[in-house]
Amino acid sequence: MLHLHSYPSTASMVPHIVLEELAVPYRQVLVDRAVHAHKAPEYLKLNPNGLIPVLTQDGMPDGPLVIYETAAIVLHLCDTHPAARLAPPVGTAERAHFYKWLLWLANTLQTALIVYFYPERWVAEGNVMGAAEVKVAAETKIAGLLDQLDAELSRHGQDWFLGADYSALDAYVFTLCRWTRNFASLPARGRPHLGPYLRRMLERPAVRRVLAAEQLQPPFV
């Protein structure tokens, strides 16, 4: 059995959507950030970085499988369920672009968003002005990155991020764009191609099930 250690509206939404798209048995395990459960000793045994999500699987030949890092979890789910076609075939140019965008989302856009939401981590303790400057700089950077996403959708003019076929990338793009919904500057939904794309994502049954399961309220994007 797969277990997704998660918390609502965090990066765990990405594999949560992927699991719903796969329609495979799994169980959600709440890691309550409100009480710092992600920093508790038992959770740190699963992910020493104290970050969410973690995917575990029982019944493996060498003992329970434990995977952290959102992109790694997504790749593992795609590789172990190839019939679902949530990633292009290995060895193709399309797969190479899948890798490129998956790592860009994890290492570039998600990283910038973390800086925006937690600017105090990048300055000395108590440096309120410095944190405010970091937040402004991060928001400016994020705006340019959202423009890149919008430009890619414009380039191919098709429904999903890679083109005609839905992929696990769409779960990642949706989740990170959702994090911008309360931005004072232009959120993702305000861009000409990202806006309709995010509305298409909201129509997918798997996405609707995840929003309901995580008990999230509008605005969803």
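Parameters and conventions
Residues numbered from 1 in each chain as written. Predicted model: local features only at pLDDT ≥ 70, side-chain atom pairs only at ≥ 80, totals over all residues. Heavy atoms only, no water. Salt bridge = Lys/Arg side-chain N within 4 Å of Asp/Glu carboxyl O. Helix = DSSP H or I, 4+ residues; strand = E, 2+ residues; numbered from the N terminus. Buried < 20%, exposed > 50% of the residue type's maximum accessible area, 1.4 Å probe, protein only. 1 Å grid on protein atoms, 1.4 Å probe; cavity = no way out; pocket = protein on both sides within 12 Å on 5 of 7 lines; lining within 4 Å. Points joined across faces, edges and corners; volume = space filled by probe spheres on them. Nonpolar A, V, L, I, M, F, W, Y, C, P; charged D, E, K, R; others polar. Polar contact = N/O pair within 3.5 Å; in protein donor to acceptor, adjacent residues only side chain to side chain. Contact = heavy atoms within 4.5 Å. Phe/Tyr/Trp six-rings, centres within 6.5 Å; stacked < 30°, edge-to-face > 60°.

## Structural notes on the pattern of salt bridges
- Tallied over the entire structure, the rule returns seven salt bridges.
- Glu 20 is the salt-bridge partner of Arg 209, the closest N and O atoms lying 2.6 Å from each other. In this pair, Arg 209 is assigned in helix H8 (residues 205-213) and Glu 20 in helix H1 (residues 13-22), connecting sequence segments 189 residues apart.
- On the basis of relative accessibility, which here comes to 41%, the residue Arg 209 falls in the partly exposed class.
- Under the relative-accessibility criterion, Glu 20 is labelled buried at 18%.
- When the shortest N-O distance is used, the salt bridge between Arg 95 and Asp 79 registers 2.7 Å. Here Arg 95, found in helix H4 (residues 93-117), pairs with Asp 79, found in helix H3 (residues 70-80); they are 16 residues apart in sequence, far enough to count as distant.
- You can call Arg 95 buried: its relative accessible area is 4%.

## Details of the layout of surface pockets
- Its volume calculated, the largest pocket comes out at about 860 Å³.
- Lining the largest pocket are 32 residues, with Arg 33, Gln 110, Ile 114, Tyr 118 and Trp 179 sitting closest to its centre.
- Of all the elements, H4 adds the most residues to the lining of the largest pocket, at eight residues.
- In terms of residue class, the lining of the largest pocket is built from 16 nonpolar, ten polar and six charged.
- Around the second largest pocket, the lining comprises 17 residues; the ones closest to its centre are Ala 87, Pro 88, Glu 94, Leu 162 and Asp 165.
- Among the elements that take part in the lining of the second largest pocket, H4 stands out by supplying four residues, more than any other.
- Residue composition of the lining of the second largest pocket, by class: eight nonpolar, three polar and six charged.

## Thoughts on the side chain of His 16
- With respect to the element layout, His 16 can be found in helix H1.
- Polar contacts involving the side chain of His 16 include one to the side chain of Tyr 26, which spans 3.2 Å.
- Engagement of the side chain of His 16 in a polar contact is seen with the side chain of Gln 28, the distance being 3.4 Å.
- Excluding residues within four positions of it along the chain, His 16 makes contact with Leu 4, Tyr 26, Gln 28, Val 210, Ala 213 and Glu 214.

## As for the packing of aromatic side chains
- Counted by the stated rule, this structure contains eight aromatic pairs.
- Taking the centre distance of 5.2 Å and the plane angle of 75° together, the rings of Trp 101 and Trp 104 count as edge-to-face. Of this pair, Trp 101 and Trp 104 both sit in helix H4, three residues apart, which is roughly one turn of that helix. Here Trp 101 and Trp 104 have matching classes, each one buried.

Geometric values such as these leave the question of function open.
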